[in-house]
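The primary structure of each chain is shown beneath.
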Amino acid sequence: MLTYPLGKPYLFDESRFEKFAKELNLALVFAHTKANLFHGDVSPKNIVMHHNKPVLIDWAYSIHQGNVLTGFTGTMTFASIAVTRLREQIEDYQYHARDDFESLFYTLLYFASDNHLPWLNTAKFSPIELADAKRLAVTTNWETTKLTINIPFLDVMRDVLFSDETKDVESLFDDAITDIKKRRDSIK
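A brief look at the structure comes next. As the structure is a prediction and not an experimental result, all values here were calculated from the model. (Residues numbered from 1 in each chain as written. Predicted model: local features only at pLDDT ≥ 70, side-chain atom pairs only at ≥ 80, totals over all residues. Heavy atoms only, no water.)

### What to know about the packing of helix α1 (residues 14-33) against helix α3 (residues 97-112)
Note the threshold: Note on geometry: axes are lines fitted to C-alpha atoms, helical ones only across the stretch in contact, with angles between N-to-C directions running from 0 to 180 degrees. Starting at the N terminus, helices and strands are each numbered in turn, a helix being any DSSP run of H or I of at least four residues and a strand any DSSP run of E of at least two. Here roughly perpendicular refers to angles of 65 to 115 degrees, roughly parallel to angles under 35, roughly antiparallel to angles over 145, and oblique to all remaining angles. Helix crossings are classified by the rotation of the near helix relative to the far one: an anticlockwise turn of less than a right angle makes the crossing left-handed, while a clockwise turn makes it right-handed. In what follows, a contact means two residues having at least one pair of non-hydrogen atoms within 4.5 Å. Gly falls in the polar group here, along with every residue not listed as nonpolar (Ala, Val, Leu, Ile, Met, Phe, Trp, Tyr, Cys, Pro) or charged (Asp, Glu, Lys, Arg).
Direction vectors running N to C along α1 and α3 enclose 160°, while the axes themselves pass 11 Å from each other. Here α3 runs roughly antiparallel to α1, going by the angle between their axes. At the point where α1 passes α3, the crossing takes the right-handed sense. Residue-level contacts link F17, F20, A21, L24, N25, L28, V29 and H32 of α1 to A97, D100, F101, L104, L108, F111 and A112 of α3. Split by residue class, the contact of α1 with α3 holds 12 nonpolar, 2 polar and 1 charged.

### Observations regarding the packing of aromatic side chains
Our working definition: In summary, the pairing rule links any two rings of Phe, Tyr or Trp, Trp by its six-membered ring, whose centres are within 6.5 Å, and it sorts them by plane angle into stacked for under 30 degrees, edge-to-face for over 60 and tilted for everything else. Burial classes: relative accessible area under 20% of the type maximum marks a residue as buried, over 50% as exposed, and values in between as partly exposed (1.4 Å probe, protein chains only).
Tallying each qualifying case throughout the model produces 7 aromatic pairs. Plain terms: the ring middles of F17 and F20 are 6.2 Å apart, the flat faces sit at 45° to each other, and that makes the pair tilted. In this pair, F17 and F20 are both assigned in helix α1, 3 residues apart and thus about one turn of the helix distant. F20 carries the same exposure label as F17, and that label is buried. One aromatic cluster is present, built from ring pairs that chain together F17, F20, F78, Y110 and F111.

See the structure below:
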């Protein structure tokens, strides 16, 4: 659960969630483009609220762009599918911005579904089985995902991350939020 200092729960509604997601997206874009760093462990435990804004903390697993991972980094539950599979593989892996954004997607999905993910009870899964469970949950079984608040841009984000088309994931939220605003304007 995301909390303010002293443990008071941070409660989301749709507009707060949109702002929260945009702030985290900007933090990742800044890290990727200005500091040449990938976070490597985007997850709920690495987000804190400060002055009503989310702050991405714990950069201990950060990876400089161009460096190669020689083993698993991050939190299995929220790691990208490629990084999750790395847990069982011996070969090196070139970390990408997409891995951070996929972890952010899982983190946002976790918050939007009342701290639940379809693969949370998979402790006995191998990394390959866990990666397959993630892929299945965000593709084939997406319609059964129980969101406690309506977050349209999660659909857009999912489409960008898991479609076969190559898209710029760093512009993901800008596109998603523009799409949401168009939908709202067409309803008014």
